[in-house]
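# Survey of secondary and tertiary structure
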Amino acid sequence: MGATLTKLRLADRMSRLGTEGAFEVMMRAQRLEKLGRDIIHLEIGEPDFPTPLHIVEAAERALRDGWTHYSPPAGLPQLREAVAEDTSRRLGIPIDPSEVVITPGAKPIMFFALLALVQPGDEVLYPNPGFPIYESMIEFTGGRPVPYSLPEDREFDIDVGEVLEKLSERTRMIILNSPHNPTGGALGREEVAQLARALGERDVWVLSDEIYSRLLFEGEHASLAQFPGMKDRTIILNGFSKTYAMTGWRLGYGIMRRDLAEQMGRLMANSNSCTASFTQMAGIEALRGDQACVEAMREEFRRRRQVIVEGLNQIPGFRCHRPRGAFYVFPNITATGRSSHEVADALLEEAGVACLSGTAFGAGGEGYVRFSFANSIDNIRRALECIEGWAAKQLRL
Ligand SMILES: Cc1ncc(COP(=O)(O)O)c(C=O)c1O
């Protein structure tokens, strides 16, 4: 007989904490698999490729060479230097290693940026639909979430006019994400320029989530930090998870003005102490080593994009835009006559295809579902057949 547990009394702030639907759907799908069901996984947002071998070998070497101890909270100077050099070259702006903070995955940068800069009641603009952790973290840290939309008829690009209308005296931060999860939309250079001009002298921070910036299929990545006067108010969030298929390594970074970087170092000292030293050493190899692996993965994603967009557009009830970046499609499913949740549930239970309801990315995702095409072309084709069969039987459109 175990002792009776008293009721768990949580701090109030825990009621403001959200979650990430992808992990929940993955667990549901795995339960179905245990019961013998065949499920095709199009729910999870991580490259299905193994981490490139030269990066794995660098980590092995680092382990053998004794990189198994604490490192400075803001990261190893060598990696901060490599990140500064890499981003500086890609964006064409000067970046000093003291402006780089290394974290276990990129997610902590979101949390730390909000913790460090947003006071209770401050407004934070964020994309809805958007990565669910934005809204969760804004709420958790006491900010007031102010959603902006990403209209499908603008290819899910931001409507700068709408964002500007939503700016108020209380706006403390704007979160941008390009290329965007879940829509695959990407900010055009003209939109970013317009935003930069409009922000002008306003005292507003921008958290620019650029984690998919190397997974752009068309055009060039544009970052607000590239525009005059914007670098010092922009926090660039980026990392190794998506670019180098390193989701499980937990290695990411933020780039921001030096005084804020020092504060983030304090947040690291108070939470993680530091990021694992041998993974940081592998990160240097990822950035400075051969980049052919990044191009090869992007080209494979491009081929998959073609298959999934064409396939979905042939299924009655689904209308799918061609994403400009990342590895997600966000088809409109309003013609099915069912809610996003109903469609995602039915696809898992009845068609054996795991995907996410658009509403897992906020209320603005109603009318859509998200498929990740981080799966093989064979599996994507099988999934399309299952969805088509399901639609023909259940929707009768
Ligand atoms: C838009 C976006 N930002 C950040 C992250 C987090 O990246 P990491 O795994 O490096 O923490 C993700 C992961 O799914 C993402 O989709």
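Since the model is a prediction, treat every value here as computed from it, not as a measurement.

### A look at the pattern of salt bridges
- Per the stated rule, a full pass over the model turns up 21 salt bridges.
- As a salt-bridge pair, Arg28 and Asp345 come within 3.0 Å of each other at their nearest N and O atoms. Here the residue Arg28 occupies a position in helix α1 (residues 21-34), and Asp345 occupies one in helix α11 (residues 340-351), the gap between them amounting to 317 residues.
- The partner of Lys231 in a salt bridge is Glu99, with the nearest N and O atoms 3.1 Å apart. In this pair, Lys231 is assigned in the loop between β6 (205-209) and β7 (234-239) and Glu99 in the loop between α3 (77-91) and β2 (100-103), connecting sequence segments 132 residues apart.
- Judged by its relative accessible area of 21%, Lys231 falls in the partly exposed class.
- Through salt bridges with shared partners, a single network forms among Asp48, Glu300, Arg303 and Arg304.

### Brief notes about the site of the ligand
- Taken together, the neighbourhood of the ligand is formed by 14 residues, with Asp209, Tyr212, Ser241, Lys242 and Arg250 sitting nearest.
- At 2.6 Å, a side-chain N or O of Asp209 approaches a nitrogen atom of the ligand.
- Contact between the ligand and Ser241: an oxygen atom at 2.7 Å from a side-chain N or O atom of the residue.
- Bound to the protein, the ligand loses 93% of the 400 Å² it would expose on its own.

### Concerning the nonpolar core
- Counting residues in hydrophobic clusters, the biggest one holds 95 residues, and the most contacted among them are Leu312, Phe318 and Phe371.
- For this core, the element with the highest residue contribution is helix α10 (residues 292-313), accounting for 8 residues.
- The two domains that each donate at least three residues to this core are domain 1 (14-44 + 293-390) and domain 2 (53-288).
- Residues in contact with Leu312, not counting those within four places in the same chain, are Phe318, Cys320, Val329, Pro331, Phe371, Leu384 and Ile387.
- Of all hydrophobic cores here, the second largest spans 25 residues; its members include Val146, Leu167, Ile174 and Leu195.

### A short note on empty space enclosed by the protein
- Applying the stated criterion to the full structure yields 5 cavities of 30 Å³ or more.
- Taken as a whole, the largest cavity encloses approximately 80 Å³ of empty space.
- If you go around the largest cavity, you meet 13 residues; those closest to its centre are Leu150, Ile158, Asn177, His180 and Leu187.
- A breakdown of the residues in the lining of the largest cavity according to their chemical character gives 8 nonpolar, 4 polar and 1 charged.
- When its volume is computed, the second largest cavity comes out at roughly 50 Å³.
- Around the second largest cavity, the lining residues are Ile93, Ile95, Ala225, Lys231, Thr234, Ile236, Ile255 and Met256.
- Taken together, the residues of the lining of the second largest cavity break down into 6 nonpolar, 1 polar and 1 charged.

### Brief notes about the sheet that holds strand β12 (residues 369-372)
- Taken together, 3 strands build an open sheet; the order of strands is β9-β12-β11 and the sheet is antiparallel. Looking at strand neighbours, the two that pair on one side only are β9 (328-329) and β11 (356-357), the edges of this open sheet.
- Summarising the sheet, β11 and β12 pair through 2 bridges and their orientation is antiparallel. Paired with Leu356 across the bridge in β12 is Arg370.

Reading the values: rules and limits
Residues numbered from 1 in each chain as written. Predicted model: local features only at pLDDT ≥ 70, side-chain atom pairs only at ≥ 80, totals over all residues. Heavy atoms only, no water. Salt bridge = Lys/Arg side-chain N within 4 Å of Asp/Glu carboxyl O. Helix = DSSP H or I, 4+ residues; strand = E, 2+ residues; numbered from the N terminus. Buried < 20%, exposed > 50% of the residue type's maximum accessible area, 1.4 Å probe, protein only. Near = heavy atom within 4 Å. Polar contact = N/O pair within 3.5 Å; in protein donor to acceptor, adjacent residues only side chain to side chain. Areas by Shrake-Rupley, 256 points an atom, 1.4 Å probe, with all protein chains shown as cover. Core = buried A, V, L, I, M, F, W, Y, C linked by side-chain atoms within 4.5 Å. Domains from an automatic or database assignment. Contact = heavy atoms within 4.5 Å. 1 Å grid on protein atoms, 1.4 Å probe; cavity = no way out; pocket = protein on both sides within 12 Å on 5 of 7 lines; lining within 4 Å. Points joined across faces, edges and corners; volume = space filled by probe spheres on them. Nonpolar A, V, L, I, M, F, W, Y, C, P; charged D, E, K, R; others polar. Pairing = 2+ DSSP bridges.

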